[in-house]
Number of protein chains: 2
Amino acid sequence: MTRAASPTAPIGVFDSGLGGLTVARAVLRQLPNESLVYVGDSARVPYGPKSPDTVRRYALQIGEWLVEQGVKCVVVACNTATAHALEALQAALPVPVIGVITPGARAAVRTTTHGAVGVIATSGTIASGAYVKALRVAAQGTDIPLAVQAVACPLFVPLVEEGWVEHPATRLIVQQYLAPLRAQAVDTLVLGCTHYPLLRDVIADEMGATVALIDSAEETAVDVVRVLSESNRLAPDHGTPVHRFVSSDAPHHFLVLGSRFLGRPLNHVEHHVFT
Amino acid sequence: MTRAASPTAPIGVFDSGLGGLTVARAVLRQLPNESLVYVGDSARVPYGPKSPDTVRRYALQIGEWLVEQGVKCVVVACNTATAHALEALQAALPVPVIGVITPGARAAVRTTTHGAVGVIATSGTIASGAYVKALRVAAQGTDIPLAVQAVACPLFVPLVEEGWVEHPATRLIVQQYLAPLRAQAVDTLVLGCTHYPLLRDVIADEMGATVALIDSAEETAVDVVRVLSESNRLAPDHGTPVHRFVSSDAPHHFLVLGSRFLGRPLNHVEHHVFT
């Protein structure tokens with residue numbers, strides 16, 4: 001069921017915390033006229049180690065609240081929530097729902113030279129098998145001999161949240177997690193968690209210059225453009241876009257760290273408790 | 001307000017996740033006849049980086065549920081929840097509520113040789129100032145010239161949850177966090193988070209053999225014995241104690257890792273959603 005929303009309605013975007021702001025950033029870059037409501041579920045972050053049922057429950061609570069706010073579509077800017085809850089959200093919400101996994105898989109298939117694709121993500125995303133499935137779908141009809149190696153990197157999110165993106169300990173941890181991907185000689189590596197682009201430099205150093213790193217943010221924004229454009233719901237260029245940022249925890253931490261992810265200053269963060 | 005509960009009623013214990021099982025273990029060692037209901041809030045773990053209001057809301061939800069289960073007292077087996085919610089729990093619940101900070105502070109004051117006491121804990125616990133306050137109270141009436149150095153160690157919980165208790169990266173991270181405590185030449189170090197005893201070996205290596213490490217679990221269990229004994233509510237020695245373990249996330253992870261914290265096998269974990 002899809003409801004006809006006004007073109008001036010905002011785009012809803014949510015993540016377990018701050019990582020999804022990298023997707024919001026790409027959406028706003030490609031669609032500067034759009035209004036946006038971003039929800040970071042900071043009171044329950046992280047989603048990565050939690051069970052599919054719990055993540056699905058959280059995602060549905062937030063998706064329903066975004067619909068109450070009048071959004072015209074919902075972007076699941078979190079790989080774990082996309083892996084566990086995309087189908088449930090698409091079934092439950094009356095607006096289009098766009099995840100980050102299919103766009104990332106599509107970009108990886110377009111980029112790979114030999115079909116040796118690596119995926120790094122949270123435990124939940126890796127255990128779901130969602131990337132392997134999406135990569136196979138994306139490669140259908142091509143002659144790419146796909147070989148996927150998927151590795152869970154549970155410590156990357158805490159390291160990014162702590163701001164240790166260049167620390168020697170971070171390098172050791174990156175080395176350990178990426179060793180099987182180096183051994184497999186992947187030519188393309190999907191950064192399958194919206195926090196990981198902040199570790200791009202140290203990941204690139206470890207993988208070497210010949211390995212392409214895929215960040216699904218820009219590719220997801222391309223999907224948002226397509227979905228809104230197909231339904232004639234792109235915002236007109238004469239409006240005044242409004243950007244709301246909402247945290248389920250007290251806004252302080254979100255305000256302090258959020259601008260690093262969003263790439264522009266954050267002036268105000270609202271607080272809302274999801275139940 | 002304190003309700004007269006039966007001596008055969010269980011003791012309630014809760015934590016944000018698995019760490020509090022180290023406290024449950026000490027309680028069961030000192031009180032083998034007691035029944036127990038343990039709640040790990042794995043669906044919302046960790047509490048350490050979250051705001052006082054959010055942690056207080058979670059703690060009250062769990063405390064009220066434990067009272068509904070008929071517990072005769074509640075042990076807050078989490079330093080962050082003790083720091084932010086002990087007073088609110090004591091005001092709201094009709095049974096005695098025991099935290100882990102006062103017992104830890106008391107043990108540190110009893111142990112220190114020169115008054116140079118270090119505290120390591122989550123960001124939330126350190127920011128609350130609860131340990132500094134509790135140490136000052138514990139030192140009142142003694143001639144100990146207390147000098148407290150408190151350091152937040154946000155990456156320790158994810159490292160323990162990942163099981164990397166001996167990894168070279170863990171050693172680097174421990175070195176960095178503990179450097180100011182070594183510089184201060186503390187003689188006693190409080191492990192102010194129930195996860196940290198699992199890093200005891202690497203912390204001890206870094207601090208050196210002359211520094212005493214304080215784990216509040218046993219001392220907290222001493223408080224439980226005292227509170228129950230003063231009110232004649234110790235369980236009789238002829239009963240059959242029942243130990244229930246409850247997780248707010250799906251029980252699988254709790255079952256797999258919990259026995260490492262509890263020091264005995266876990267056979268069954270219940271699931272309950274707190275709202």
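All figures in this text were calculated on a predicted structure; none of them were measured in a lab.

### Some points on the UniProt feature "binding site: substrate" (unreviewed entry) in chain A
Residues and elements named next belong to chain A.
- Per the UniProt annotation, the sites labelled "binding site: substrate" (unreviewed entry) are Asp-15, Ser-16, Tyr-47, Gly-48, Asn-79, Thr-80, Thr-194 and His-195. Maximum C-alpha separation among the annotated residues is 12.0 Å over a sequence range of 181 residues, consistent with a single clustered spot.
- Since its relative accessible area comes to 6%, Ser-16 is described here as buried.
- Beyond its immediate stretch of four places on either side in the chain, Ser-16 contacts Gly-40, Asp-41, Ser-42, Val-45, Tyr-47 and Cys-78.
- The topology assignment puts Thr-194 in the loop between β7 (188–191) and α9 (200–207).
- If near-sequence neighbours (up to four positions away) are discounted, Thr-194 is found in contact with Asp-15, Gly-19, Gly-20, Thr-22, Val-23, Ala-77, Cys-78 and Asn-79.

### Some words on the UniProt feature "active site" (unreviewed entry) in chain A
Residues and elements named next belong to chain A.
- When the UniProt feature table is mapped to this numbering, "active site" (unreviewed entry) covers Cys-78 and Cys-193. The named residues occupy 116 residues along the chain; their greatest pairwise C-alpha distance, 6.7 Å, places them in one compact cluster.
- Relative to the helices and strands, Cys-78 resides in the loop between β3 (73–76) and α3 (79–92).
- Residue contacts for Cys-78: discarding those within four places in its chain leaves Phe-14, Asp-15, Ser-16, Tyr-47, Val-100 and Thr-194.
- Position of Cys-193 relative to the elements: it lies in the loop between β7 and α9.
- Ignoring sequence-local partners within four residues, the contact set of Cys-193 consists of Asn-79, Ile-120, Thr-122 and Val-157.

### With respect to the relation of the copies chain A and chain B
- For the pair chain A and chain B, the best superposition has an RMSD of 0.0 Å and corresponds to a rotation of 180 degrees with a translation of 0.0 Å parallel to the axis. Here the symmetry operator amounts to a two-fold rotation axis.
- Comparing interface residues between copies, 100% of those in chain A also lie at the interface in chain B; the contact surface is shared.

### Re the domain arrangement of chain A
Residues and elements named next belong to chain A.
- Here the domain parsing of chain A yields domain 1 (11–99 + 218–271) and domain 2 (101–216).
- Computed over C-alpha atoms only, the centres of domain 1 and domain 2 are separated by 22 Å.
- Contact residues are listed per partner, giving 24 residues for domain 1 and 23 residues for domain 2.
- When domain 1 packs against domain 2, the two sides together hide about 1,800 Å² of surface, and 51% of this comes from carbon and sulfur.
- Applying the counting rule to domain 1 against domain 2 returns three salt bridges.
- Notably, a salt bridge pairs Glu-219 with Arg-110, separated by 2.9 Å at the nearest N-O pair.
- On the surface where domain 1 and domain 2 come into contact, there are 14 residue pairs in polar contact (both at pLDDT 80 or more).
- Within the residue set of the side of domain 1 that touches domain 2, elements represented by two or more residues are α1 (21–30), α3, α10 (216–230) and α11 (252–262).
- Sort the elements by how many residues they give to the side of domain 1 that touches domain 2 and α3 lands first, with six residues.
- Looking at the side of domain 1 that touches domain 2, its residues break down into seven nonpolar, eleven polar and six charged.

### Considering the interface of chain A and chain B
- Each partner contributes residues to the interface: chain A has 28 residues there, and chain B has 28 residues.
- Summed over both partners, the interface of chain A with chain B comes to about 2,200 Å²; 63% of that surface belongs to carbon and sulfur atoms.
- Taken together, the connections running from chain A to chain B amount to zero salt bridges.
- Applying the counting criterion to the chain A and chain B interface returns 14 residue pairs in polar contact (both at pLDDT 80 or more).
- For the side of chain A that touches chain B, the secondary-structure elements that each account for two or more residues are α2 (52–68), α7 (156–162) and α8 (168–183) of chain A.
- Among the residues making up the side of chain A that touches chain B, the classes are represented as 17 nonpolar, six polar and five charged.

### Let's talk about the packing of aromatic side chains
- Applying the stated criterion to the full structure yields 14 aromatic pairs over all chains.
- A ring pair is formed by Tyr-38 of chain A and Phe-254 of chain A, whose centres lie 6.0 Å apart and whose planes are at 65 degrees; its orientation type is edge-to-face. Of this pair, Tyr-38 of chain A sits in strand β2 (residues 36–40) while Phe-254 of chain A is found in helix α11, placing the two residues 216 residues apart along the sequence. Each member of the pair Tyr-38 of chain A and Phe-254 of chain A is classed as buried.
- Aromatic side chains Phe-156 of chain B and Tyr-177 of chain B sit 5.2 Å apart centroid to centroid with 80 degrees between the ring planes, which places their arrangement in the edge-to-face category. Of this pair, Phe-156 of chain B sits in helix α7 (residues 156–162) while Tyr-177 of chain B sits in helix α8 (residues 168–183), and the two are 21 residues apart along the sequence.
- Aromatic rings pair up to connect Phe-156, Tyr-177 and Tyr-196 of chain A together with Trp-164 of chain B into one cluster.
- Over the face of the ring belonging to Tyr-58 of chain A we find Arg-44 of chain A, whose NZ or CZ atom lies 3.7 Å from the ring centre.

What counts as what
- Residues numbered from 1 in each chain as written.
- Chains lettered and ligands numbered in written order.
- Predicted model: local features only at pLDDT ≥ 70, side-chain atom pairs only at ≥ 80, totals over all residues.
- Heavy atoms only, no water.
- UniProt positions renumbered as here; feature names shortened; annotations may be inferred.
- Buried < 20%, exposed > 50% of the residue type's maximum accessible area, 1.4 Å probe, protein only.
- Contact = heavy atoms within 4.5 Å.
- Helix = DSSP H or I, 4+ residues; strand = E, 2+ residues; numbered from the N terminus.
- Least-squares fit on C-alpha atoms with pLDDT ≥ 70 in both.
- Domains from an automatic or database assignment.
- Buried area = accessible area lost by both parts, 1.4 Å probe.
- Salt bridge = Lys/Arg side-chain N within 4 Å of Asp/Glu carboxyl O.
- Polar contact = N/O pair within 3.5 Å; in protein donor to acceptor, adjacent residues only side chain to side chain.
- Nonpolar A, V, L, I, M, F, W, Y, C, P; charged D, E, K, R; others polar.
- Phe/Tyr/Trp six-rings, centres within 6.5 Å; stacked < 30°, edge-to-face > 60°.
- Lys NZ or Arg CZ within 6 Å of the ring centre and 35° of its normal.

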